[in-house]
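# Summary of the model geometry
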Amino acid sequence: MDISIVIPLFNEEDSLPELVQWIEKVMITNSFSYEILFIDDGSKDDSWNVIKSLSEKNKNITGISFQRNYGKSAALYVGFEAAKGDYVITMDADLQDNPEEIPEMVRMLKEDGFDLVSGWKKIRHDPVLSKNLPSKLYNWTVRRMTRIKLHDMNCGLKAYKKRVIKSIEVYGDMHRFIPVLAKWAGYKNIGEKVVKHQERKYGVTKFGLERFVRGPLDLISVMFISRFAKRPMHFFGVFGTFMFAVGFVATLWVGIQKLIALNKHIKAPLITDNPYFFIALTAMIIGSLFFMTGFLADLVSRNSADRNNYQIAEKI
Ligand code: UDP
Ligand code: MG
């Protein structure tokens, strides 16, 4: 099979029939063999029944329905597990992503050697204040931090070689950072294609204000995990040692001052009157805490199921 199209959806009943028609047209024109994999993320509307009736008419359509709403990342994870095509496309179900971009994205994977091609909604048809501007700022930050030169990291329309999606695990809210996960799994040829974007025709956006809190937090944890997941002590140990050393030196200093004063029979002030005493104490406690956290984190990562999960590129 050439292409698997993985489509996560949550309450998108009105868009589905048009979406399927549009995809079918593109697949037939380009004579691709394909499957459309709908992952119904616990929709409360009639989406699942619509998918069932669509799949009766077109045998290339399959679907998985969640018992409840788990989120876009969970839907993508399950879709990636099930995908059988050599090339895997993800797109949103809301008709905002244009299936006519698929042939060129697949060509880039096939001929230009990309592992992943991400869409770039250069002209974006979403609310400016709540979506477009924050997205620009967010993408700029992510580009800086991850050194992946994408303008639109979180575009729903993406194309992957099969082995890329089979070697990454999307979880939590990580659908925003799939290129980071791919790079981290060793797939560095990440390309970008300017794609046409449409206004949402039916339904409403599923991502509201909470993404302003979750996005940045997830970015921090992605960065941390990608650098230190397998060796947390290298992070906590450095900070712990530094803090402890500061505290230790300060303690020595306070102690020596007191000894000198006692020796000279000067009436030395109480150690607890010296502000350095408290700084020293706090620094040593924080330092020890960092160290203990590092040990615990090391124990956790030693026990993680994927501690020896290496991506083998080739064998002879
Ligand atoms: N989606 C999902 N589960 C969720 C939220 C969203 O599967 O919990 C799907 C949604 O149906 C759509 C895609 O993810 O197909 C992108 O969502 P949306 O269009 O609301 O995001 P926006 O384009 O506004 O950023
Ligand atoms: Mg949308």
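Predicted model only: the values in this text are computed from it and were never measured.

## Some details on the pairing of strand E3 (residues 61-65)
Regular strands place side chains that alternate from one sheet face to the opposite one. Bridge count between strand E2 (residues 34-40) and E3: five bridges; the pairing is parallel. Directly across from Ile36, in E3, lies its bridge partner Ile61. Remark: the E2/helix H2 (residues 47-57)/E3 crossover connection has right-handed handedness.

## Focus on the coordination of the magnesium ion (ligand 2)
Every protein donor of the magnesium ion (ligand 2) is listed here as Asp94 (OD) and Gln96 (OE1), and their distances to the metal cover 1.9 Å. The class of Asp94 is buried, set by a relative accessible area of 4%. Gln96 sits in the buried class, given a relative accessible area of 7%.

## Some words on the site of ligand 1
As a matter of local geometry, ligand 1 sits amid 17 residues, with Glu12, Asp41, Asp94, Thr205 and Lys206 nearest to it. In the model, an oxygen atom of ligand 1 is placed 2.9 Å from a nitrogen or oxygen of the Pro8 main chain. Here Asp41 contributes a side-chain N or O atom positioned 2.6 Å from a nitrogen atom of ligand 1. Computed on the free molecule, ligand 1 has an accessible area of 530 Å², of which 92% lies beneath the protein chains in the complex. Partitioning the shell around ligand 1 into residue classes produces five nonpolar, four polar and eight charged.

## Points about helix H1 (residues 16-29)
Counted at 1.5 Å a residue, the expected span for H1 with its 14 residues is 20 Å, and the 20 Å between its end C-alpha atoms agrees. For H1, the set of buried residues is Leu16, Leu19, Val20, Ile23, Val26 and Met27. Angular distribution of buried residues about the axis of H1 spans 130°; they occupy a single face of the element. Seen from the buried face of H1, the exposed residues on the opposite side, beyond 90 degrees, are Gln21, Lys25, Ile28 and Thr29.

## What to know about the pattern of salt bridges
If you walk through the whole model with that rule in mind, you get 17 salt bridges. For the salt bridge of Glu35 with Lys84, the shortest nitrogen-to-oxygen distance reads 3.6 Å. Here Lys84 lies in the loop between helix H3 (72-82) and strand E4 (87-90) and Glu35 lies in strand E2, a separation of 49 residues in the sequence. Among the residues examined, Glu35 registers a relative accessible area of 5% and is labelled buried. Classification of Lys84 as exposed rests on a relative accessible area of 51%. Note that Arg214 and Asp173 form a salt bridge whose closest N and O atoms lie 3.6 Å from each other. Taken together, the residues Arg214 in helix H8 (residues 210-228) and Asp173 in the loop between helix H6 (162-166) and helix H7 (178-184) connect sequence positions 41 residues apart.

Calculation notes
- Residues numbered from 1 in each chain as written.
- Chains lettered and ligands numbered in written order.
- Predicted model: local features only at pLDDT ≥ 70, side-chain atom pairs only at ≥ 80, totals over all residues.
- Heavy atoms only, no water.
- Pairing = 2+ DSSP bridges.
- Helix = DSSP H or I, 4+ residues; strand = E, 2+ residues; numbered from the N terminus.
- Right-handed = clockwise from strand over helix to strand, strands pointing away.
- Donors = N, O, S within 2.8 Å, 3.2 Å for Na, K, Ca; no water.
- Buried < 20%, exposed > 50% of the residue type's maximum accessible area, 1.4 Å probe, protein only.
- Near = heavy atom within 4 Å.
- Polar contact = N/O pair within 3.5 Å; in protein donor to acceptor, adjacent residues only side chain to side chain.
- Areas by Shrake-Rupley, 256 points an atom, 1.4 Å probe, with all protein chains shown as cover.
- Nonpolar A, V, L, I, M, F, W, Y, C, P; charged D, E, K, R; others polar.
- Expected span 1.5 Å × (residues − 1).
- Arc of directions from axis to C-beta.
- Salt bridge = Lys/Arg side-chain N within 4 Å of Asp/Glu carboxyl O.

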